[in-house]
Amino acid sequence: MSRLFNALWESILSPMFQRPKRLQVAALCHRERAGVREVLLVTSRDTGRWIIPKGWPMRGKNGAESALQEAWEEAGVTQSIVNPQPIGSYTYAKRKASGLSVPVRTLVYDLPVKTLSDDFPEALERTRKWVPAAQAAEMVNETALKAILRQF
């Protein structure tokens, strides 16, 4: 009987009590230097861990446009054209101010970087760093993002 209940719980009841994952968008900012593909990482504002620019979708913008806006605000990326189709996605647990974590699915958009500005909205809140894609994969925490960076 308990085996039947466990199966029922796992397949039907448990999913009914779970909230859907929230959605964010991210920009995988990159450039070529001396034949090496480099990725632009930034630090998060709360923990200082290395991430790619990301945020919530914005009203009036599609996913790619929102990712481009985040790349500007968090990393100073300018005069670049983002690929309109995501190249992948990853899930992570976003810690809320209350201390609770919520699952967030993040769509990743390809963004070749043309120029960077040193004067951007979050310049005083973040550090940015160009690193080879393989090294970037070792610096980020999210397993699926590591995989995206390794394939890149």
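Computed from a predicted model, the values in this text were never measured in an experiment.

1. Notes on the pairing of strand S7 (residues 101-112)
Note on strand geometry: in a regular strand, side chains alternate between the two faces of the sheet. Pairing between strand S1 (residues 22-33) and S7: 9 bridges, direction parallel. Paired with Gln24 across the bridge in S7 is Thr106. By the bridge criterion, 9 bridges tie strand S6 (residues 86-95) to S7 in an arrangement that is antiparallel. Across the sheet, Ser89 pairs through a bridge with Leu107, a residue of S7. Where S6 hands over to S7, the hairpin turn is made up of 5 residues, of which Gly99 adopts a positive phi near 100 degrees.

2. With respect to helix H4 (residues 143-151)
Taken together, the buried positions of H4 are Leu145, Lys146, Ile148 and Leu149. Here the buried residues of H4 occupy an arc of 160 degrees about the axis, which is enough to place them on one side. Those residues of H4 that are exposed and angled more than 90 degrees off the buried face are Thr143, Arg150 and Gln151. The inward-facing, buried residues of H4 contact S1, strand S2 (36-43), S6, S7 and helix H3 (133-139).

3. Describing the side chain of Asp110
You can see Asp110 is positioned in strand S7. With no salt bridge to any partner, buried Asp110 finds its closest opposite charge in Arg37, at an N-O distance of 6.3 Å. For Asp110, the residues in contact, after removing those within four places along its chain, are Leu28, His30, Val82, Asn83, Ile87 and Phe152.

4. Quick look at the pattern of salt bridges
All told, the structure shown has 10 salt bridges when counted by the stated rule. One salt bridge connects Glu142 with Arg49, and the closest N-O pair in it is separated by 4.0 Å. Here Arg49 lies in the loop between S2 and strand S3 (50-51) and Glu142 lies in the loop between H3 and H4, a separation of 93 residues in the sequence. The partly exposed category is assigned to Arg49, whose relative accessible area is 21%. It is possible to trace a salt-bridge network through shared partners that takes in Arg45, Glu74, Glu122, Glu125 and Arg126.

5. A look at helix H2 (residues 63-75)
Here H2 contains 13 residues, and its C-alpha end-to-end distance of 18 Å stays within 8% of the 18 Å for a straight helix at 1.5 Å per residue. Three or more residues of H2 are buried, namely Gly63, Ala64, Ser66, Ala67, Glu70, Ala71, Glu74 and Ala75. Seen end-on, H2 carries its buried residues on one side only, within an arc spanning 155 degrees. Its side-chain oxygen at 3.1 Å from the backbone nitrogen of Ala64, Asn62 defines the N-terminal cap of H2.

6. Remarks on the environment of Gln85
Locating Gln85 in the fold gives a position in the loop between strand S5 (77-78) and S6. On the basis of relative accessibility, which here comes to 55%, the residue Gln85 falls in the exposed class. The spacing of Gln85 and Asp110 is 25 residues in sequence and 8.1 Å in space, taken between C-alpha atoms.

7. Regarding the side chain of Thr106
The residue Thr106 is located in strand S7 in this model. Relative accessible area serves as the criterion here: at 0%, Thr106 is assigned to the buried category. Thr106 has contacts with Gln24, Val25, Ala26, Lys54, Gly88, Ser89, Tyr90 and Tyr92, leaving out every residue within four places of it along the chain.

8. A closer look at the environment of Arg22
The topology assignment puts Arg22 in strand S1. Owing to a relative accessible area of 43%, Arg22 belongs among the partly exposed residues under this scheme. Between the C-alpha atom of Arg22 and that of Val104, which follows or precedes it by 82 residues, the distance is 4.6 Å. Aside from chain neighbours lying at most four places away, what touches Arg22 is Trp56, Lys96, Pro103, Val104 and Arg105.

Criteria and thresholds
Residues numbered from 1 in each chain as written. Predicted model: local features only at pLDDT ≥ 70, side-chain atom pairs only at ≥ 80, totals over all residues. Heavy atoms only, no water. Pairing = 2+ DSSP bridges. Helix = DSSP H or I, 4+ residues; strand = E, 2+ residues; numbered from the N terminus. Buried < 20%, exposed > 50% of the residue type's maximum accessible area, 1.4 Å probe, protein only. Arc of directions from axis to C-beta. Contact = heavy atoms within 4.5 Å. Lys, Arg positive; Asp, Glu negative; His and termini not counted. Salt bridge = Lys/Arg side-chain N within 4 Å of Asp/Glu carboxyl O. Expected span 1.5 Å × (residues − 1). Polar contact = N/O pair within 3.5 Å; in protein donor to acceptor, adjacent residues only side chain to side chain.

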